[in-house]
Amino acid sequence: MGRNRAGYAFEEGELKMLPPFKYHPDPIATGAVKPSEAECECCGQTRGFTYAPNIYAEEEIEDICPWCVADGSAADKFDGTFSDDYPLTVAELSSEIVDEVTRKTPGFISWQQEEWQICCNDACEFHGDASREDVKGLSLEAFHAAFGDSSLSADFVGSLKENYGPGGDPAIYKWRCRHCGQYKFNADFS
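Residues numbered from 1 in each chain as written. Predicted model: local features only at pLDDT ≥ 70, side-chain atom pairs only at ≥ 80, totals over all residues. Heavy atoms only, no water.

Participant: Help me understand the pattern of salt bridges in this model?
Facilitator: Pairing is possible between side chains of opposite charge, provided their charged atoms come close. Overall, the coordinates contain six salt bridges when judged by the stated rule. Of the charged contacts in the structure, one is a salt bridge between Arg178 and Asp122, with a shortest N-O distance of 2.8 Å. On the criterion of sequence distance, the pair formed by Arg178 in the loop between β9 (171–176) and β10 (183–188) and Asp122 in strand β7 (residues 122–123) is long-range, its members being 56 residues apart. The closest approach of N and O atoms between Arg176 and Glu125, which form a salt bridge, is 3.8 Å. Of this pair, Arg176 sits in strand β9 while Glu125 sits in strand β8 (residues 125–129), and the two are 51 residues apart along the sequence. Through salt bridges that share partners, Asp76, Asp99, Arg103 and Lys104 make up one connected network. (Salt bridge = Lys/Arg side-chain N within 4 Å of Asp/Glu carboxyl O. Helix = DSSP H or I, 4+ residues; strand = E, 2+ residues; numbered from the N terminus.)

Laid out in structure tokens, this is it:
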């Protein structure tokens, strides 16, 4: 088995594409899925990729292939979820959307509990850590919304803009509404 430059596994000239995830369109770029030769603990196959964050389940599961995430079989087999349903249920999203996000979509690694963003009565797409350019372009009001704190000072925000780096602390995540196209940001820190 080989890998192309994007990290996708291929065998006999065939590129193994990941299953599509409506709410997490590029899980390799966000780090939620990584190349791996590990055998999936759900289906028993070696597919060239594994899910990186933890599944929230009673037992510790280390290797789940993206296909078992996408079809819900890993969530069913291990009675687990890939992200917290609380923000979605509080927003009164349909049970189908909540199920799709929490049981059939790769979650993401966060400092605290992840908080899936919502817009236009639907869950947003997760696009990973915001870039330095994204953060530098955010207004003071956008920072207030991202941090859930309207008391952040302009000096504090200026310092964050200068010192922010993807994958750091605080983390600032980028989301996109599937309907209106608006980008949203939320922050998480240790």
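Participant: Help me out: how do you make sense of helix α7 (residues 140–147) in this one?
Facilitator: Among the residues of α7, Phe143, His144, Ala146 and Phe147 are the ones counted as buried. Along the long axis of α7, the arc covered by the buried residues comes to 165°, so they all point the same way. Summarising the geometry of α7, the exposed residues directed more than 90 degrees from the buried face are Glu141 and Ala145. Packed against the buried residues of α7 are α6 (132–136), α8 (154–163), β9 and β10. Just past α7, the residue Gly148 takes up positive phi, approximately 65°. (Buried < 20%, exposed > 50% of the residue type's maximum accessible area, 1.4 Å probe, protein only. Arc of directions from axis to C-beta. Contact = heavy atoms within 4.5 Å.)

Participant: I tried to follow the packing of aromatic side chains on my own but got confused; where do I start?
Facilitator: Here the structure, examined in full by the defined rule, presents ten aromatic pairs. An angle of 80° between the planes, with centres 5.0 Å apart, marks the rings of Tyr51 and Phe82 as edge-to-face. Residue Tyr51 is located in strand β5 (residues 49–51), and its partner Phe82 is located in the loop between α3 (73–78) and α4 (86–90); the two are separated by 31 residues in the primary sequence. Arranged with centres 4.2 Å apart and planes meeting at 15°, the rings of Phe108 and Phe126 form a pair that is stacked. You can see Phe108 sitting in the loop between α5 (95–103) and β6 (118–119) and its partner Phe126 sitting in strand β8, a full 18 residues away along the chain. For Phe126, a relative accessible area of 2% gives the class buried. By way of ring pairs, the aromatic residues Phe108, Trp116, Phe126, Tyr173 and Trp175 are connected into one cluster. Positioned above the aromatic ring of Tyr183 is the side chain of Lys174, whose terminal nitrogen or guanidinium carbon lies 4.6 Å from the ring centre. (Phe/Tyr/Trp six-rings, centres within 6.5 Å; stacked < 30°, edge-to-face > 60°. Lys NZ or Arg CZ within 6 Å of the ring centre and 35° of its normal.)

Participant: Whenever I open this one, the nonpolar core confuses me. Can you help?
Facilitator: Here is a general trend for soluble globular proteins: nonpolar side chains tend to be buried in one another's company. If you look at the biggest cluster of nonpolar residues, it comprises 19 residues, and the most contacted ones within it are Ile64, Cys68, Ala74 and Phe82. Sorting the residues of this core by element identifies β5, α2 (66–70) and α3 as the ones contributing at least two each. Setting aside residues up to four positions removed in sequence, Cys68 forms contacts with Cys40, Cys42, Cys43, Ser73 and Ala74. Within the second largest apolar cluster, 16 residues are counted, among which are Ile97, Val101, Trp116 and Cys119. (Core = buried A, V, L, I, M, F, W, Y, C linked by side-chain atoms within 4.5 Å.)

Participant: Sorry if this is basic, but what is going on with the environment of Glu125 here?
Facilitator: The class for Glu125 is buried, based on a relative accessible area of 13%. Each C-alpha atom, one on Glu125 and one on Ala75, is 20 Å from the other, the two residues being 50 residues apart in sequence. Residues contacting Glu125, with those up to four places away along its chain left out, are Lys22, Tyr23, Pro25, Lys174, Trp175, Arg176 and Arg178. One polar contact links Glu125 to His127, side chain to side chain, over a distance of 2.8 Å. (Polar contact = N/O pair within 3.5 Å; in protein donor to acceptor, adjacent residues only side chain to side chain.)

Participant: How should I be thinking about the environment of Cys65 in this particular structure?
Facilitator: Tracing the backbone shows Cys65 in the loop between β5 and α2. Between the C-alpha atom of Cys65 and that of Ala146, which follows or precedes it by 81 residues, the distance is 32 Å. Excluding anything up to four places from it in sequence, Cys65 contacts Cys40, Cys43, Arg47 and Phe49.

Honestly, that's just the spatial picture; any functional story needs more than this.
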